Amino acid sequence: MTHLTLDDCRAMDARDPLAPLREQFELPPGVVYLDGNSLGAMPKAALARAQEVITQEWGTGLIRSWNTAGWFELPRRLGNKLGRLIGARDDEVVVTDTTSINLFKLLAAALRQQQRVAPERRVIVSERNNFPTDLYMTQGLIELLHSLGGAHYELRLIDGPQDIDAALTDDVALLLLTHVNYQTGYMYDMVDVTARAHARGAVTIWDLCHSAGAVPVDLNGADADYAVGCTYKYLNGGPGSPAFLWVNARHQETFTQPLSGWWGHARPFAMEPQYAPHAGIQRYLCGTQPITSLAMVESGLDTFAATDMQQLRAKSLALTSLFMDLVAQECAGFPLTLNTPVDTRCRGSQVSYEHPQGFAVVQALIERGVIPDYREPRIMRFGFTPLYIGFEDVWSAVAVLKDILQSKSWDQPQFHQRGAVT
Ligand SMILES: *Cc1c(COP(=O)(O)O)cnc(C)c1O
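Residues numbered from 1 in each chain as written. Predicted model: local features only at pLDDT ≥ 70, side-chain atom pairs only at ≥ 80, totals over all residues. Heavy atoms only, no water.

Participant: What is the right way to read the overall build of the chain from this model?
Facilitator: Along the chain, the regular secondary structure elements total 12 helices and 15 strands. Considered along the principal axes of its C-alpha atoms, the chain spans approximately 65 × 60 × 40 Å. Looking at the chain as a whole, 55% of its 422 residues qualify as buried. Partitioning the contacts of the chain with sequence separation of at least 6, the portion at a separation of at least 24 is 73%. (Helix = DSSP H or I, 4+ residues; strand = E, 2+ residues; numbered from the N terminus. Buried < 20%, exposed > 50% of the residue type's maximum accessible area, 1.4 Å probe, protein only. Contact = heavy atoms within 4.5 Å.)

Participant: How should the site of the ligand be read in this particular structure?
Facilitator: Neighbouring the ligand are T98, T99, S100, F131, T133, D134, T178, D207, C209, H210, Y232 and K233. Contact distances for the ligand include 2.8 Å between an oxygen atom and a side-chain N or O atom of H210. Within the side chain of K233, one N or O atom sits 2.6 Å away from an oxygen atom of the ligand. Starting from 390 Å² of accessible surface for the ligand in isolation, the protein chains cover 87%. Residue assignment for the shell around the ligand shows that the elements contributing at least two residues are α5 (99-117) and α6 (132-147). In the shell around the ligand, the residues fall into three nonpolar, six polar and three charged. (Near = heavy atom within 4 Å. Polar contact = N/O pair within 3.5 Å; in protein donor to acceptor, adjacent residues only side chain to side chain. Areas by Shrake-Rupley, 256 points an atom, 1.4 Å probe, with all protein chains shown as cover. Nonpolar A, V, L, I, M, F, W, Y, C, P; charged D, E, K, R; others polar.)

Participant: What should I look at first to understand the state of the cysteines in this one?
Facilitator: Disulfides are covalent bonds that connect the sulfur atoms of two cysteines. In the structure shown here, the tally under the stated rule is zero disulfides. No disulfide involves C9; its sulfur sits 13 Å from the nearest other cysteine sulfur, which is in C331. On the accessibility criterion, C9 (0% relative accessible area) is buried. (Disulfide = S-S within 2.5 Å.)

Participant: Help me understand the sheet that holds strand β11 (residues 337-338), please; the structure alone is not making it clear to me.
Facilitator: Across a sheet, strands are paired by hydrogen bonds formed along the backbone, either parallel or antiparallel in direction. Strand order in this open sheet of four strands is β11-β12-β15-β14, and the pairing throughout is antiparallel. This sheet does not close on itself; its edge strands, each paired only once, are β11 and β14 (373-375). Here helix α10 (residues 309-330) sits on the sheet and contacts β11, β12 (350-354) and β15 (379-383); the angle it forms with β12, its principal contact strand, is near 25°. (Pairing = 2+ DSSP bridges. Axes fitted to C-alpha atoms, helices over the stretch in contact; angles between N-to-C directions.)

Participant: Even after reading the chapter, I still don't get the pattern of salt bridges, so can you show me in this structure?
Facilitator: Oppositely charged side chains can pair when the atoms bearing their charge come close. Evaluated as defined, the whole model comprises 28 salt bridges. Of the charged contacts, one joins R196 and D192 as a salt bridge, the two residues approaching to 2.5 Å between their closest N and O atoms. Here D192 and R196 lie together in helix α8 (residues 190-199), a separation of four residues that amounts to about one turn. What makes D192 partly exposed here is its relative accessible area of 33%. (Salt bridge = Lys/Arg side-chain N within 4 Å of Asp/Glu carboxyl O.)

Participant: Mind showing me how you'd approach the pairing of strand β5 (residues 123-127) here?
Facilitator: Walk down a regular strand and you will see the side chains alternate between the two sheet faces. Burial of β5 is extensive: five of the five residues sit out of reach of the surface. Taking every second residue as pointing to the same face, both faces of β5 are buried, with V123, V125 and E127 on one and I124 and S126 on the other. In the sheet, β5 pairs with strand β6 (residues 154-158) via five bridges, with the strands oriented parallel. Note that in β6 the partner of V125 across the bridge is R156. Note on the crossover from β5 through α6 to β6: the handedness is right-handed. Of the strand pairs in this sheet, β5 and strand β7 (residues 172-178) are connected by three bridges, and their pairing is parallel. (Right-handed = clockwise from strand over helix to strand, strands pointing away.)

Participant: Even after reading the chapter, I still don't get the sheet that holds strand β8 (residues 203-207), so can you show me in this structure?
Facilitator: Taken in spatial order, the seven strands of this open sheet run β4-β10-β9-β8-β7-β5-β6, and their pairing is mixed. Among the strands making up the open sheet, the edge pair consists of β4 (93-95) and β6. Direction aside, neighbouring strands of the sheet carry axes that sit 20° apart on average. Inspection of the sheet shows strand β9 (residues 226-229) paired to strand β10 (residues 244-247) by four bridges, in the antiparallel sense. Directly across from G229, in β10, lies its bridge partner F244.

Participant: Would you explain the side chain of R347 in this entry?
Facilitator: Relative to the helices and strands, R347 resides in the loop between β11 and β12. Buried charge without a salt bridge: R347, with D343 as the nearest opposite-charge side chain at an N-O distance of 7.2 Å. One polar contact links R347 to S321, side chain to side chain, over a distance of 2.9 Å. (Lys, Arg positive; Asp, Glu negative; His and termini not counted.)

Participant: Whenever I open this one, unusual backbone geometry confuses me. Can you help?
Facilitator: Residues other than glycine predominantly adopt negative phi, and peptide bonds predominantly adopt the trans conformation. Cis geometry marks the peptide bond from E376 to P377, where omega comes out at -10°. Tracing the sequence through the fold places P377 in the loop between β14 and β15. Of note in this structure, K408 is not a glycine but carries a positive phi near 55°. Here K408 is to be found in the segment after α12 (391-407).

Fair warning: the whole summary comes from geometry, so function is off the table for now.
So this is what it looks like as structure tokens:
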């Protein structure tokens, strides 16, 4: 490997066709923000949009805005906009609720679908180091079904991609995987894994929390069944912005979910006592949506307007590769263990290292204006968002990391103190 310099990084910025997109974001000066995989940066347009929603649509329009400002249509309209980033067609995606809640709907719908054709299939396969809420929601549904005297479902956890084939036995109803792992940044081959699951009679739920807006996704191309994801990470929708869910068109008409609120009703304003699901994707909704938060999702999605996922992917891989190379060059000799695939075919848009004092090192980085995050156990996570991160940012981040490791400045009491959110 040739020795990399700051000038090399600046030259990469000068050649980067996506560099101007950073102008769309409000980023504090002096900060290198490497946590867009946890909370995306704020699009400048979000402020004006928030003002419009609050003062005009809410303040002046009042209740009329449900019709006149398109509030009622928002989950579906945003779903269509988002769908283009994940290989969905129109009227296959809604933006609504949280990832956890949407997972519950999909898990229940997928189990019912399997119950009709293969009632002996009672196992849900997922990964031990999947994001915990995915496992918790599955456990909650299993517990609910069991406690009410219903079927006994089982959650079977695998240790990694190498275990999938062995786990897909003929009692498996459902394979629930996160496309890009939140700890390691490992990315599954969605086409291949979906085909293998189908060949074994299982249906798939893909969690796209670390994929949507981060890597190219083609849900229809993969012939996937169901998918969920959040909008506040790579999609820049704002803190706690509503999530999305996608259902393959072939499952739409049979989709039945237990959160059968009035927004999913065929005629919500007929106020009928009996639930009847909407004929289309509106049936995935539950109740009244958080409109101000939902409106911000659009500002986030609009930051993708001037590019496409292929261009973003090329830059994302260049950024993560540069980061790995620079850490190898500058920080050799420190106890850093790379957790992320070097093979670009199975790498998302983040790089993770384990360090025995990972938590304290991350706090020391944050104090110096380099913001990654920390995940148990010992994992330092660096997210690279090609929309607003440049190559010189990568250089600066590694320079600060090296300085902190060399000086051991992380070993101060304030860097060992934990807040409620890490
Ligand atoms: C961030 C994330 C979630 C978050 O779920 P919420 O319901 O929005 O809190 C779920 N799953 C994965 C894989 C995630 O990365």
